[in-house]
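Descriptive structure summary
Okay, here's what each chain looks like letter by letter:
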Amino acid sequence: MINSNSESWVGPEAEIESVDRLNSLENLLQLTDRIKSLEAELTQVSTTRVLRPTEQLDAEQQLIAMRTSPPWRVGRVVTIPLRIVQRMLLRNSNR
Amino acid sequence: MSSLPTLTIWVDGVDRSRADVERALREAARQAAPGTEFVCLIAADERYGEDWPVDAAVRVVPLPEDDAVSLNRLLSQTRSDWVVWIDASARLAPGGLGHVESAVARFDIDLLYGDSRLPGSQRIQRPVFSPIRLRSQDYLGDVRGFRVEALRQSGGFGQGHAGAHPLDLSLRLGTDVARVLRIPEILSVCTMPVRPATEQHRKVVSQFLDARDIAAEVTVVAEALQLNYPLVSAPLVSIIIPTRGSSARIRGTESVLVVDAVRGILERSTYPSFEFVVVADDETPQSVIDALVCLAGDSLRLVRWSKDFNFSAKMNRGAIFARGAYLMLLNDDVDLITPGWIEAMLGLASQPGVGLVGSLLFFEDGTVQHGGHVYSASWAGHIAFEWPADRDDDLGSMGVVREVSGVTAACAMIRADTFWQLGGFSLDYAGNYNDVDLSLKVRESGRSVIWTPHARLYHFESKSRIATVEPAELTTLRAHWGTRLLSDPYWPARP
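Throughout, residues of each chain are indexed from 1 in the direction in which the sequence is written. Each chain takes a letter, starting from A, and each ligand takes a number, starting from 1, following the order in which they are written. Totals for whole chains, interfaces and linings use all residues, but because this is a predicted model, local features are given only for residues with pLDDT of at least 70 and pairs of side-chain atoms are given and counted only at 80 or more.

1. What to know about the overall build of chain A
Only runs of H or I of at least four residues qualify as helices and only runs of E of at least two qualify as strands under DSSP, and these elements are numbered from the N terminus. In terms of helices and strands, chain A carries four helices and zero strands. What you see in chain A, going N to C, is helices and strands ordered as α-α-α-α. On C-alpha atoms alone, chain A measures out to a radius of gyration of 29 Å, which is more than a quarter above the 12 Å that the 2.2 N^0.38 rule sets for 95 residues. Across the 95 residues of chain A, 6% fall into the buried class. Only the C-alpha atoms count toward the radius of gyration. The rule for a globule is 2.2 Å times the residue count to the power 0.38. Any residue with 12 or fewer other C-beta atoms within 10 Å of its own C-beta is exposed, any with 20 or more is buried, and the rest are partly exposed; the C-beta atoms used are placed from the backbone.

Following this line, the structure appears as structure tokens:
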């Protein structure tokens, strides 16, 4: 029986050798999950992940969709002055 | 200097009208580079003259009933790197051949296919390559490309497969999924998104599975193939049900959910070997516990939960007490519809490479609650949510076993050793997205997640339930799996 409250149900509970054993198995699952989660996060930021051809084409399609989207276009228009200034500064620094 | 891969166009005109064949050839010739080989396959009893209305030399090949010898001879004679196979009932969409040429020049692949358009303007977006789905349905469309060298190495055209060669070749060349390309462009204008399964398709799939020592009974059901994977033994399945013994009104009568779920399984399941692992909150009424003990007897393993609510932790505890080689993750508010639900899911779960299997769930009113998960725009939802039971998409996806991005843990089966290898459910997700995370862990491990329409249950979750989503859970999910949640390869966005 595991930490039952005094007013809780009673019944033929499944047995395990000890509470320590239960905790240790729960910890094992938790630690394994932590490793898997970290691996997943690492994959997210990895620059070396090799995309399959289908994934690569899909990613390119998504980029095209993003670059033709209204928010992207509006952003390009709004940042025109900034980009002109940037270009002028770059030109001056190259002289 | 390496030259670009060359294409030969094969137009399959068997059982197609002369007008269809000419139209398909004309469009292909318009798009093809000068010097491209054209082959027109026709039935042996057809008589075609030489007056083709296309500006290209077309080799007309009458095929006998068993056409493998003729096709293999053609294959041995071709000097091209790729065969582009076009069913004459379809034709190349404008720019379609260009997409193919560009793809074969860029990628080292063996098989390609793409999207289609119906004669109006409706686009048919095809999912990424799904070997399991291909066994039930030839969903790759009327235009596909086969690398000639790969075709030769795989043994070429199979005998007795007339009318189903594209499926046969796709199954064999698709054994390495990484070498299959889905081009996300419209390659063809077709008359029907998917051709109905035929006896020839059935034979092809049976032979393909036989060659790989996979036991399966394949039958044509409606417009698709249904595969039944016979079980050589009956491994113990542990049905893990977390509960607090709640009651609800179901179909007008008061129901103690977990008790009725267990009773339904005991009375109607046909599978002989299972146990219940019920993880019950301290607050569970004694009458519920008594009823479960009375109903399930020795097949019940009662496990106490005394901590705060955490679905993931409760399921993990259930898994610790489970003795089965397979775990059935199950909510307490379900009622089974198909008595053979465990067999259907177990047959799939025991296939090589399969990690997690989900089912078709209905709301109480008969509308669909779950047809697999769809992950898109950094969000997770259910395929076919609230669809009427008889509704389907253009590809007939609701009637076929298929790979999906994920499945709900309201009813899902996983091998116990896989569950342990992946760390079970993540405690980061106490209430939501725990099944999304588990599904993505399964896929990240190289295994696939499969959904089947042949295991059907009611899930009495309220349609109007507003899930309390903890922002932290969503943030964690996006941090772990951000790029996997952007667009769903198995359920492309429907325009």
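2. Some points on the nonpolar core
Residues and elements named next belong to chain B. If you look at the biggest cluster of nonpolar residues, it comprises 155 residues, and the most contacted ones within it are Val-11, Ile-86 and Ile-240. Considering every element that reaches this core, the biggest residue donor is helix α11 (residues 341-349), with seven residues. Once C-beta atoms have been placed from the backbone, residue pairs whose C-beta atoms lie within 7 Å are recorded as contacts. Beyond its immediate chain neighbours, meaning those up to four positions away, Ile-86 contacts Ile-9, Val-11, Asp-12, Ala-24, Ala-28, Leu-92, Asp-142 and Val-143. For the purposes of this analysis, a nonpolar core is taken to be any set of buried Ala, Val, Leu, Ile, Met, Phe, Trp, Tyr and Cys residues that are connected through C-beta atoms within 7 Å.

3. Some words on the interface of chain A and chain B
Each partner contributes residues to the interface: chain A has 31 residues there, and chain B has 39 residues. Where the side of chain A that touches chain B is concerned, the elements lending two or more residues are α1 (19-45) and α2 (53-67) of chain A. Of the residues that constitute the side of chain A that touches chain B, the class distribution is twelve nonpolar, twelve polar and seven charged. Residues are sorted three ways: Asp, Glu, Lys and Arg are charged, Ala, Val, Leu, Ile, Met, Phe, Trp, Tyr, Cys and Pro are nonpolar, and all the rest, Gly among them, are polar.

4. Points about the packing of α1 of chain A against helix α14 (residues 471-481) of chain B
The relative placement of two packed helices is expressed as an angle between their axes plus a distance between the axes. To get an axis, a line is fitted to the C-alpha atoms, and for a helix only the part in contact is used. The angle between two axes follows their N-to-C directions and goes from 0 to 180 degrees. Packing of α1 of chain A against α14 of chain B leaves a shortest axis separation of 6 Å and a crossing angle of 65°. Residues Ser-37, Ala-40 and Glu-41 of chain A of α1 of chain A form the contact with α14 of chain B, whose participating residues are Ala-479, His-480 and Trp-481 of chain B. For the contact of α1 of chain A with α14 of chain B, a count of residues per class yields three nonpolar, two polar and one charged.

5. Here we look at α14 of chain B
Residues and elements named next belong to chain B. Every buried residue of α14 is accounted for by Glu-473, Leu-477, His-480 and Trp-481. Viewed along the axis of α14, the buried residues span an arc of 70°, placing them on a single side of the element. Facing away from the buried surface of α14 by more than 90 degrees, the exposed residues are Pro-471, Ala-472 and Thr-475. Working definition: the arc comes from the directions between the helix axis and the C-beta atoms, pointing outward to the latter.

6. So, the domain arrangement of chain B
Residues and elements named next belong to chain B. An automatic or database domain assignment is the source of the domain bounds shown. For chain B, the assigned domains read domain 1 (7-196) and domain 2 (237-485). At the junction of the two partners, domain 1 supplies nine residues and domain 2 supplies nine residues. For the side of domain 1 that touches domain 2, the leading source of residues is helix α4 (residues 131-136), giving three residues. Residue composition of the side of domain 1 that touches domain 2, grouped by class: five nonpolar, three polar and one charged.

7. Considering the pairing of strand β2 (residues 37-43) of chain B
Consecutive side chains of a regular strand alternate in pointing toward one face of the sheet and then the other. Residue and element names in this part refer to chain B. Most of β2 is tucked away: five of the seven residues are buried. Bridge analysis of strand β1 (residues 7-12) against β2 gives five bridges, and the strand direction is parallel. By the bridge assignment for β2, Thr-8 is matched with Glu-37. After leaving β1, the chain enters helix α1 (residues 18-31) and then returns to the sheet as β2, a path that is right-handed. Taken together, the six bridges between β2 and strand β3 (residues 58-63) define a ladder with parallel strand orientation. Strands qualify as paired when DSSP identifies two bridges or more between them. A crossover gets the label right-handed when its path from the first strand over the helix to the second runs clockwise, viewed with the strands pointing away from the viewer.

8. As for the domain arrangement of chain A
The domain architecture assigned to chain A consists of domain 1 (15-48) and domain 2 (50-95). Here the C-alpha centroids of domain 1 of chain A and domain 2 of chain A sit 40 Å apart.

9. Some details on α1 of chain A
Between the first and last residue of a helix there are one fewer steps than residues, each counted as 1.5 Å, and that sum is the expected span. The first and last C-alpha atoms of α1 of chain A sit 39 Å apart over 27 residues, in line with the 39 Å expected at 1.5 Å per residue. Where α1 of chain A is concerned, the buried positions are Leu-29, Asp-33 and Lys-36 of chain A. Buried residues belonging to α1 of chain A abut α10 (311-321) and α13 (434-444) of chain B.

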